[in-house]
Amino acid sequence: MSQVNAELNSAYKTILNVIGGIEPRIAEATRQELADQRASLKLIASENYASLPVLATMGTWFSDKYAEGTVGHRFYAGCQNVDTVESVAAEHARNLFGAEYAYVQPHSGIDANLVAYWAILANRIESPALEQLGAKTVNDLTEQDWETLRKTFGEQRVMGMALDAGGHLTHGFRHNISGKMFHQRSYGTDPETGLIDYDKLRRDAKEFKPLILIAGYSAYPRRVNFATMREIADEVGAVLMVDMAHFAGLVAGKIFQGDENPIAHADVVTTTTHKSLRGPRGGMVLSTKEFAADIDRGCPMVLGGPLSHMMAAKAVALAEAQTADFQTYAQNVADNAQSLAEGFLKRGGKLVTGGTDNHLVLLDVTTFGLTGRQAESALLDAGVVTNRNSIPQDPNGAWYTSGVRLGTPALTTRGFTGEDFDRVAELIVDVLENTTPVTASTGKPGKAKYTLADGVADRTKQAANELLNNHPLYPGLEL
Ligand code: PLP
């Protein structure tokens, strides 16, 4: 992570002082957040540290501008500079990923998925229906035709990865609008290997015949063969949508190529910009030309006015992601995940799928006699920030869980090496071996009950500090 120069440091200091003059608690919380992030081993697989130029780009007057619509076609006057921002961000996204089309407005990953769903419904259901009825827009439909079309929307099916196999809530689950919009069936992983069973997936898809086959995950520690997913989608006439929110940085850094490059095989690809891609919080949709016009209807179909300051920050981050440095970073993220996995395996840890070949590992903590919730809390007491996660066929359910998910993107940004990640594995195993569950965690959600042996939290924090001090976060930034 490059040294923050004196001018940038003084600019941040001044800004915080000004904020403090208006609401001191916010200035103080901002300083404290930096101190906390500096002092913790951040292993949350979906988090990262954006560069100061990316962070600074978010804090400008672009925040004040309304710009519903698309470049050159806005519902508000005076959008010429927003047009520049959106065009530049989209151009970078197309170049970086080799996509035919990029839509950079979504405010988050969930929003990007919503845009994708509505665009696919518009393209595959609405447009053919309008054509058949000789109508140009839905305004031309009779009440009866409109009623029939709305029912047809509600009959569509999606097929995505099961939650406990690592899929995401937005891939058709009942606690998300996607599960209420669509009929859903999920595909899991092989109970023996923990890997996606493509033959079974193919059989299930042939039986279920989804409109949309969704690939992508939040907690699957392996690569996906998108060429095979494309074949399956074609065999059943489905649109292939890939949600690469988690691993977009590995696609951008050219770690996932050929069959593993989603852009080369999917019709529509959604992503977040703040995880392994290391940009500002936000989402994007990439697609073939066929879906471009329908995706452009995202705002105001399902999105509010675009956050122009965030699109500007996306542009800066996407420019950074096109550098050789970013490719090295992406390679290090993947290499470090290998070191972390090996660090657990050689100390007797059990990993879902037996390892990793992306940016995350899923540690099965039942071998330590713990639930995911107990492990997550004990680790946090020792300054190690992780998140609990279900494992396939989880015996402890989705709240307590049996796993802990750990990712390498954030600490790799700080400059952690393979050796450092081996030490991180050692520290985590030490904490978990010294954590005793107090009660079986069943029943209603509540506090995780466990005891951490005396002295373990302190010795872990001390060891973690040594690692963290070797790789400072925003070095030179003194607030
Ligand atoms: N898709 C996947 C695969 C994710 O892992 C996540 C976030 O956890 C999302 C979508 C949602 O992203 P956001 O929190 O930006 O809405």
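My aim in this report is to walk through the structure given alongside it, one point at a time.

What counts and what doesn't
Residues numbered from 1 in each chain as written. Predicted model: local features only at pLDDT ≥ 70, side-chain atom pairs only at ≥ 80, totals over all residues. Heavy atoms only, no water. Helix = DSSP H or I, 4+ residues; strand = E, 2+ residues; numbered from the N terminus. Rg over C-alpha atoms; globule rule 2.2 N^0.38 Å. Buried < 20%, exposed > 50% of the residue type's maximum accessible area, 1.4 Å probe, protein only. Areas by Shrake-Rupley, 256 points an atom, 1.4 Å probe, with all protein chains shown as cover. Pairing = 2+ DSSP bridges. Contact = heavy atoms within 4.5 Å. Axes fitted to C-alpha atoms, helices over the stretch in contact; angles between N-to-C directions. Phe/Tyr/Trp six-rings, centres within 6.5 Å; stacked < 30°, edge-to-face > 60°. Patch = residues over 30% accessible without salt bridge, like charges linked within 9 Å, V, L, I, M, F, W, Y side chains within 5 Å. Salt bridge = Lys/Arg side-chain N within 4 Å of Asp/Glu carboxyl O. Near = heavy atom within 4 Å. Polar contact = N/O pair within 3.5 Å; in protein donor to acceptor, adjacent residues only side chain to side chain. Nonpolar A, V, L, I, M, F, W, Y, C, P; charged D, E, K, R; others polar. Left-handed = near helix turned anticlockwise from the far one by under 90°.

Attention now moves to the overall build of the chain. Regarding its fold elements, the chain presents 19 helices and 17 strands. Its C-alpha radius of gyration of 23 Å places the chain within 12% of the 23 Å reference for a compact globule of 479 residues. Scored against the burial criterion, the 479 residues of the chain give a buried share of 56%. With the model as given, the accessible surface of the chain reaches about 20,700 Å², and the carbon-plus-sulfur share is 51%.

Each strand in a sheet pairs with another by means of backbone hydrogen bonds, the pair being arranged parallel or else antiparallel. Ordered in space as β11-β12-β15-β14, the four strands form an open sheet in which the pairing is antiparallel. Of all the strands in the sheet, just β11 (350-351) and β14 (387-389) have a single pairing partner and so form its edges. Relative to strand β12 (residues 360-364), helix α14 (residues 324-345) is tilted by about 15 degrees, and along the sheet it contacts β11, β12 and β15 (403-407).

Both the distance between ring centres and the angle between the ring planes are used here to describe each pair of aromatic rings. Counted according to the given criterion, the structure contains nine aromatic pairs. Centre to centre, the rings of Phe247 and Phe256 are 5.7 Å apart; their planes meet at 45 degrees, and the pair counts as tilted. With a relative accessible area of 0%, Phe247 lands in the buried category. Overall, the relative accessible area of 3% leaves Phe256 in the buried class.

On the surface, Ile15, Ile19 and Ile26 cluster together to form a nonpolar patch covering roughly 260 Å² of accessible area. Mapped onto the secondary structure, Ile26 falls in helix α2 (residues 24-39).

Moving on: the pattern of salt bridges. The tally for this structure, following the rule as stated, stands at 24 salt bridges. Taking the shortest distance from any N to any O, the salt bridge between Glu23 and Arg25 comes out at 2.8 Å. On the accessibility criterion, Arg25 (63% relative accessible area) is exposed. The partner of Asp422 in a salt bridge is Lys346, with the nearest N and O atoms 3.0 Å apart. You can see Asp422 sitting in helix α18 (residues 418-433) and its partner Lys346 sitting in the loop between α14 and β11, a full 76 residues away along the chain.

This paragraph deals with the environment of Arg174. Structurally, Arg174 can be placed in the loop between β5 (157-161) and α7 (177-181). With 166 residues separating them along the chain, Arg174 and Leu340 place their C-alpha atoms 34 Å apart. When residues no more than four places from it in sequence are discounted, the contact partners of Arg174 are Gly179 and Lys180.

Around the ligand sit Ser108, Gly109, Ile110, His168, Tyr217, Ser218, Asp243, Ala245, His246, Thr272, His274 and Lys275, and those are all the residues in its vicinity. Measuring from an oxygen atom of the ligand, one finds a backbone N or O atom of Gly109 at 2.8 Å. Ile110 is positioned with one of its backbone polar atoms (N or O) 2.9 Å from an oxygen atom of the ligand. Per-class residue counts for the shell around the ligand are three nonpolar, seven polar and two charged.

The angle between the axes and the distance between the axes are what describe a pair of packed helices. With their axes 8 Å apart at the nearest point, helix α4 (residues 80-97) and helix α13 (residues 308-320) run at an angle of 35 degrees to one another. α13 is crossed by α4, and the crossing has left-handed handedness. On α13, the residues that touch Val82, Val85, Glu86, Val88, Ala89, His92, Ala93, Leu96 and Phe97 of α4 are Ser308, Met311, Ala312, Ala315, Leu318 and Ala319. By residue class, the composition of the contact of α4 with α13 is 12 nonpolar, two polar and one charged.

Read from one edge of the open sheet, seven strands run β4-β10-β9-β8-β7-β5-β6, paired in mixed fashion. Either end of the sheet is taken by a strand with one partner, and the two such strands are β4 (101-103) and β6 (183-187). Strand after strand, the sheet turns through a mean of 20 degrees between neighbouring axes, direction not considered. Relative to strand β8 (residues 239-243), strand β7 (residues 212-216) is paired through five bridges, and the arrangement is parallel. Opposite Leu213, over in β8, you have Leu240 as the bridge partner.

With that settled, consider the pairing of β5. In terms of burial, β5 is largely enclosed, as four of its five residues are buried. Direction of pairing for β5 relative to β6: parallel, over a ladder of five bridges. Residue pairing in the sheet places Met161 in a bridge with Tyr187 of β6. Inspection of the sheet shows β5 paired to β7 by two bridges, in the parallel sense. Its bridge partner lying in β7, Val158 is registered against Ile212.

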